[in-house]
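Okay, here's what each chain looks like letter by letter:
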Amino acid sequence: MKLPFKSLQSRIVFLFVTLILVVQFIGFMAIWVSINKNARVSIKEQLGIGEQVLRNVITRQGENLTLSARILATDYGFRQAIASNDSETIQSALENTGARIESDVNMLYSPEGLRQVVSGDLPANIMDGPIRHLIETAQNGGDSFNITIFNGVPYLLVAVPVKAPLTIAWIITGFEIDDSWANRIQDVSRLEVSFVTKAGPVSGSKPQWNLSSSTMNKLFAQETIGGIPSNWSQQTTGEKAVFSKVLDSEITIQGVDYGTRYVQLLNQDQQVLVAVLQRSISESLAPYLTLQLNLLVLTILGAFVFVAGSVLTARRITKPLTALVKTAELLEKGDYSETIVSNSTDEIGHLSRTFDRMREAVAEREQKISKLAYWDELTQLPNRVFFTDQLLKFSENYHENSQTFSVLMMDLDRFKHVNDVLGHSAADQLLTGVAERLKQSCKSETDVVARLGGDEFGIILANTHAQLALEVAKRLLAALETPIALNDSFVDLSAGVGIANYPQHAKDIEVLLSRAEIAMYAAKNSSGSVAVYHSGLDVANEENLSLVSEIKVAVEQNQFCLFVQPKIDFATGRLLAVEALVRWNHPERGMVFPDMFIPFAEQTGHIGKISYWMLSEAARYAAIWQSQGLDIAVAVNLSARDLIDIELPQKLRQILDEHQLQAHTISLEITESSIMDDPERALETVERIAKMGIQLSIDDFGTGYSSLAYLKRLPVNELKIDRSFVMDIERDQDDVTIVKSTIELGHNLGLKVVAEGIENQKVWDILKMLGCDYGQGYFMGKPMAAEKLLDWAAQWGAGLRQHVQNS
Amino acid sequence: MFKSLLALTYLTFAGVSASLCSLPLQAADLTIDVVDTTGSPIENAVVYAEPENKAAMPPASAIVEQRGKQFNPLVSVVQTGSDISFPNFDSVRHHVYSFSPAKTFELKLYSGVPTSPVKFDKAGTVVLGCNIHDYMVAFIHVVDTPYFTKTNKSGKATLRDLPNGNYTLKAWHYALAKEKEIIEKPLVFKDAQNIVMQLSLKHFMIPAKK
C-alpha cells in the first residue's frame, strides 16, 4: 500500500489509527447488530407476554361477567320474578347487577332464545342471532362467553342460565371492548394496544376494517390496519376461530418502527376482531442507544488515546532517526562536531551508536586526508591549497568586518644551486629550516604561513596594511639572514618578498596572489629584497608576458642585432677581444636589453636558437674584422641549456668552418650556475669544446655558489670578475681584497682574469695595479653595434688608448 | 323405597278398581311400551288414558319425599285434586318450590313432614326445585283421569282393569323434544291389549347430586 506520507511518523500513526478505527468500527457494528437483534427478540417476548395479558384479561372479564350473572341467576326473588313474568322487577334486577360490575349489556332471554328484558343503553342494532348462538353454545356445555360485534364495536358477552331448577331464562351480560381495555392491557404489558373489527354486511356495503379502540392516537392507529393479513377476514365455516391466528410483523407509523403482533380474537359469522399489540423499536432501543452513545464516547476516547500513544511511539522511533538525519546532514556539510548520544538499547539506539562511531571514523579519516590535501609534510606547513582556501576565508571575512589583510610571497634566492650542489636532502633541511624561521617570525595566531611549492612560501597577515606588511617582510628577511646549518656547514640565505594587500591591490584572490608574485619577482630583479605591488609592476610584467610570446617571432624574423663591448689588455691597452651581446630590435619598443628577454628565452627554449644566431653572427663579424685587419676574438655567452646540447661542439665546428676561422677566434663565456643544472653533461660538452681549441671563460665569477672543485675541473682559460665587485672598488676595501684574491687565484690556476664594469680611470688604475689581465667597461667602451666596432677601434687606436693608459 | 311407593300406588288403584267393580262393565289390562325414535325403551314416561265420558273418581294422595338431598320419585303422576305430601328425611332443611303454572307453591325451609300436604287441583306439569339445592329436581304430572301409570326401566307400563270404552291415550316425558306437548292417541279399548307409543326426546340431564 502506498501511503501519501513522507514521514515515518505519520505513516506509523496512520496505520495504528486506521487499525484501531477498523477494530472499533467492527466492534461497534457487531454490538449494533446484536442490540438490534436483542431488541427485536425482546420485543417479540414482550409481544408474547402482551398477548398472554390480552387473553387473560378477556378470560378474567368473561369470568367476572359469568360470576355476577350467576349470582343474579340464583337469586330466588329474581327467579320468582321471571316465573311470574314480572318484567319491571327483572329489568331493575338486571340494571342493579349491571351497575355493580359496570357491564354494558344486560338482557334476559327466554330458554327458546327470545329477547325478553333489556336494560341499559344497548346498541341500536343489537342482533339476536349471535346471542342465540351464544346461548346454544352455553347450553351445550361450551364457552359461556363470546365476542360479538355490534355496529363495528366488539363486545364480550356471557350467557348464564336461570334455573328453577330447569332453565327458565338466560341472562346475557357483557362489556364493550373499548379504550379502557386497551389501556388496562397497556398498563400491564407496556404495549400499544388497538382493536380492529370487521363486521358482516350491515346495509349491503362491503365490510371494512374499523378501528374500534386504541391506546395510540387514532389517526396513527389506523395505519396498523394495513398490516392485517387479507385472509384473516375470510370466513372459515363451521370452525371456531377464537384466538386462532397470530402474526408478527414490523410496521412503520409516522416514521417510527413498531414491532407488531396481530392476534385474531374472532372470525365467526363474518365478524372479525383483531387485537394489535405494538412496541416501538426505537423506544426499545433507547436504553441501548445510551449504551451505544457511551460506547461511542469510549471509542472516541480510545481512538484519541491510541493516537496519542502511536504519536509517542512514532516519535520515540523517529526522534532519534531525525537526530541521525540532522547529524548526517551536518556530516554532508563537513561538520563532524555533532555527537550522537543514545542510551536506548533497541535497534535505533544501536544504529545511533554505530552511526556515531562512523562519524568519528569518517572525521578522523577526513582529517588525515585533508591534512594530506592541505599540508606539506616536509615543512609541516599548510600547502598552497590550504593557503588559497584561507585567502578565500579572509576575503569573506573582509566582507563581514572590513578587516584588510596582506599576502606576502617569498621565494628563496639560489635555492636551485643548494639543491644542485648539496643535494635534495640538504635542500629539504634548508626548506625545513626556513619554514621554522618563518613560523617563529609570524607568531600571531591569525597569520598563516604556507609553503606554496618548491622554495616558494606564502604568508597571510591578518588585519594589516602595506606599511605594516613591509615591516613584517623585513623582519622575515632579517630572520633569514642568520646562516642555516646543514650537515655541519652553514648556508647563507636570501629571498625576495612580494607584498599585495587586500582589497587595496586586488579584490580577487587569484589576482591578489599573482600580484604578490609579480611584486616578488620585481623585488628579486631589482636586487632589493622586498617589493610592494604597484600598478607599474603590472605594466612591466605585462610587457614581459607579451615579450615571451614575441620571442618566437623575433627569432623567426631575425629581429636581433649583435652588439659588442671591447675587452682591453691592461698591460698594452690593446683591443684584444669583444664580448658579443644581443639586442632585440623590437619593431614597436625599440631596443630591448637582454635582461628583459633572455630569462624568458631560457624558459621557453628559444635560447638555443638565439645562442646559435649569436655564434653565427659573432663568427661572421670575426671573419669581416679579420679581413679588415682586426684580429680579435669574439666571446659569446652560453646558457645552461646550450651546455647540455650535445650537438653544440658540432655546431661550433660548422660555424668556424663556414667562416674559415680558427678556433681561438671564438671564445665562450659560461656562468658557474649554468654548469650546475646538469654538471656531468655540461662538463662533457665543455671539455669537447675546449679540445677543439675554443677558449672558455667563467662569467660573473664570485656571485654564484662558486665551487673551486668544479673550477679546478673545468678547462677554462679565463675568469670574469662580476661587476658588483668592481664598481665600488675605489671605495670598498673589501672589494679590493676580493678582486685581488680572485686575480691571484686565477693566476695561480693559470687563468687570465677579466674585470667588468670599469667606469673610470681610478678603477682602471686599481685593477691594473692589482695585476688584472683584461678589462671591460664604459670607461673604455660601451657596448656598440657590431658594425661600429671598426670605427671605434680606429678611434681607440688613434688616441683613446693613450688617454687611458696615460691618465 | 321405590317399591313401597309403588305399593302405595297399587293400593290406590285397588281402591279405584273396587269402586269400578260395582259397575256392570267389562275391564281388562292395557299394557303400553314407550320407546324413543330409535326404539329404545323410555323410563319414567307418564302414560294415562282419558275416557270420553269423564269418570268422577275420588282423588287420591301421594308422597314426594326428600332423601339424600334428592326428590323421590323423580316423576310422579296424580289425578287432579290429589294431595301430595313432601316429607323431608334429610338432616338438612329444604326449601321446596314450584314456579310452574299448574301449581305454584313453596314450602319454606323445613325439616320433617310439613304440617299439611299440597293439593294439586290443576292438570299440568309441576317442576319441583329446592332453593337450597339447585340440582334437586322432580316432576309431578297432574292428570284429569284416574287411569294413569308410568313406565318402568324397560319402558313398560300397565293400566290395569281399564274398562272397555273409548279413550284418549296420552303420554308425557320431562325430556320431550317439544316441551309442554303431550303425545295423544285415540284408543277404543275392548280387551286386553298392548300399545306401543313412540316419544321424541331431547337430551336432558337430570342434574347430578353434588
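Criteria and thresholds
- Residues numbered from 1 in each chain as written.
- Chains lettered and ligands numbered in written order.
- Predicted model: local features only at pLDDT ≥ 70, side-chain atom pairs only at ≥ 80, totals over all residues.
- Helix = DSSP H or I, 4+ residues; strand = E, 2+ residues; numbered from the N terminus.
- Buried ≥ 20, exposed ≤ 12 C-beta atoms within 10 Å, placed from the backbone.
- Contact = placed C-beta atoms within 7 Å.
- Pairing = 2+ DSSP bridges.
- Axes fitted to C-alpha atoms, helices over the stretch in contact; angles between N-to-C directions.
- Expected span 1.5 Å × (residues − 1).
- Core = buried A, V, L, I, M, F, W, Y, C linked by C-beta atoms within 7 Å.
- Parallel < 35°, antiparallel > 145°, perpendicular 65-115°, else oblique.
- Left-handed = near helix turned anticlockwise from the far one by under 90°.
- Nonpolar A, V, L, I, M, F, W, Y, C, P; charged D, E, K, R; others polar.
- pLDDT = per-residue confidence, 0-100.

**Structural notes on the overall build of chain A**
Part 1: Looking only at helices and strands, one finds 25 helices and 29 strands in chain A.
Part 2: Considering chain A as a whole, with its 807 residues, one finds that 36% of them fall into the buried category.

**Comments concerning the overall build of chain B**
Part 1: Check the secondary structure of chain B and you find one helix and 17 strands.
Part 2: Expressed as a percentage of the 210 residues in chain B, the buried residues total 34%.
Part 3: Pairs at least 24 apart in sequence give 65% of the contacts found in chain B among residues at least 6 apart.

**Considering the interface of chain A and chain B**
Part 1: Residue-level contacts link ten residues of chain A with nine residues of chain B.
Part 2: A total of four residues in the side of chain A that touches chain B trace back to one element, the largest contributor, which is helix 2 (residues 76–83) of chain A.

**Side note on the sheet that holds strand 9 (residues 105–110) of chain B**
All names here are of chain B.
Part 1: The mixed open sheet is built from five strands, whose spatial order is 6-12-11-8-9. Sheet topology places strand 6 (75–79) and strand 9 at the edges, where each strand pairs with a single neighbour. Across this sheet, the average inter-strand angle for adjacent strands is 20°, counted without regard to direction.

**Description of helix 16 (residues 607–627) of chain A**
All names here are of chain A.
Part 1: If you check helix 16, its first and last C-alpha atoms are 30 Å apart, about what 21 residues at 1.5 Å a residue would give, namely 30 Å.
Part 2: Buried residues of helix 16: Ile-607, Ile-610, Ser-611, Met-614, Leu-615, Glu-617, Ala-618, Ala-619, Tyr-621, Ala-622 and Trp-625, and no others.
Part 3: Within two residues after helix 16, Gly-629 carries a phi angle of roughly 90°, on the positive side.

**Let's talk about the environment of Thr173(A)**
Residue and element names in this part refer to chain A.
Part 1: As for its placement among the helices and strands, Thr-173 is situated in strand 5 (residues 167–176).
Part 2: The spatial distance from the C-alpha of Thr-173 to the C-alpha of Asn-106 is 4.4 Å, given a sequence separation of 67 residues.
Part 3: When neighbours within four sequence positions are excluded, Thr-173 is seen to be in contact with Leu-65, Ala-69, Gly-98, Ser-103, Val-105, Asn-106 and Val-158.

**Structural notes on the nonpolar core**
Part 1: Counting residues in hydrophobic clusters, the biggest one holds 126 residues, and the most contacted among them are Leu408(A), Ile499(A), Ala516(A), Ala519(A), Ala618(A) and Val634(A).
Part 2: When residues no more than four places from it in sequence are discounted, the contact partners of Ala519(A) are Gly498(A), Ile499(A), Ala500(A), Ala531(A), Val532(A), Tyr533(A) and Leu537(A).
Part 3: Listed in part, the 113 residues of the second largest apolar core include Val105(A), Phe150(A), Val160(A) and Val77(B).

**Some thoughts on the sheet that holds strand 18 (residues 495–502) of chain A**
All names here are of chain A.
Part 1: In spatial order, the strands read 14-15-13-18-19; together these five strands make up an open sheet with mixed pairing. Taken across any chain shown, the strands that pair with only one partner, and hence form the sheet edges, are strand 14 (448–453) and strand 19 (530–532). Between one strand axis and the next, the sheet turns through 20° on average, direction left out of account.
Part 2: The sheet contact formed by strand 14 and strand 15 (residues 456–462) spans five bridges and is antiparallel.

**Here's the deal with the environment of Phe78(A)**
All names here are of chain A.
Part 1: Looking at the secondary structure, you find Phe-78 in helix 2.
Part 2: A sequence separation of eleven residues divides Phe-78 from Thr-89, and the C-alpha atoms of the two residues are 7.7 Å apart.
Part 3: Look past the residues within four positions of Phe-78 in its chain and what remains in contact with it is Leu-72 and Ala-93.

**Describing unusual backbone geometry**
Part 1: In this structure, Pro165(A) follows Ala164(A) across a cis peptide bond, with omega equal to -15°.
Part 2: The omega torsion across Asn72(B) and Pro73(B) is 0°, close enough to zero to call that bond cis.
Part 3: Mapped onto the secondary structure, Pro73(B) falls in the loop between strand 5 (71–72) and strand 6.
Part 4: Even without glycine at this site, Ser402(A) takes up a positive phi of about 55°.
Part 5: Locating Ser402(A) in the fold gives a position in the loop between helix 9 (384–401) and strand 13 (405–412).

**Focus on helix 9 of chain A**
Part 1: Here helix 9 of chain A is 18 residues long and its end C-alpha atoms lie 25 Å apart, about the 26 Å a rise of 1.5 Å per residue gives.
Part 2: Once helix 9 of chain A ends, the next one or two residues include Ser402(A), with phi positive near 55°.

**Observations concerning the pairing of strand 20 (residues 560–569) of chain A**
Residues and elements named next belong to chain A.
Part 1: Burial within strand 20 is extensive, with eight of its ten residues counted as buried.
Part 2: The sheet contact formed by strand 20 and strand 21 (residues 575–586) spans nine bridges and is antiparallel. Following the sheet pairing, Ile-568 is matched in strand 21 by Leu-575.
Part 3: Connecting the antiparallel pair strand 20 and strand 21 is a turn made up of five residues, with Gly-573 showing a positive phi of about 75°.
Part 4: With two bridges joining them, strand 20 and strand 28 (residues 774–775) adopt antiparallel strand pairing. Bridge pairing links Ile-568 to Gly-775 in strand 28.

**With respect to the packing of helix 1 (residues 8–73) of chain A against helix 7 (residues 281–333) of chain A**
Residue and element names in this part refer to chain A.
Part 1: Where helix 1 contacts helix 7, the two axes come as close as 9 Å, and the packing angle between them is 165°. Relative to helix 7, the element helix 1 is oriented roughly antiparallel. Two packed elements cross with a definite hand, and for helix 1 against helix 7 that hand is right-handed.
Part 2: Grouping the amino acids of the contact of helix 1 with helix 7 by side-chain chemistry returns 24 nonpolar, ten polar and one charged.

**Comments concerning the confidence of the model for chain B**
Reading predicted coordinates in detail is not appropriate for stretches of low pLDDT.
All names here are of chain B.
Part 1: With 86% of its residues at a pLDDT of 70 or more, chain B has an overall mean of 83.
Part 2: Ignoring residues within four places in sequence, the model shows residues 1–24, a span with pLDDT below 50, making twelve contacts including any to other chains.
Part 3: Across the interfaces of the predicted complex, the ipTM metric reaches 0.76, alongside a pTM of 0.49.

**Details of the pairing of strand 1 (residues 27–35) of chain B**
All names here are of chain B.
Part 1: Two strands pair when backbone bridges link them, and strand 1 and strand 14 (residues 156–163) are joined in this way by six bridges, in the antiparallel orientation. From the neighbouring strand, Asp-33 faces strand 14, where its bridge partner is Lys-156.
Part 2: Bridge count between strand 1 and strand 17 (residues 193–198): six bridges; the pairing is parallel. The residue of strand 17 that forms the bridge with Asp-33 is Val-196.

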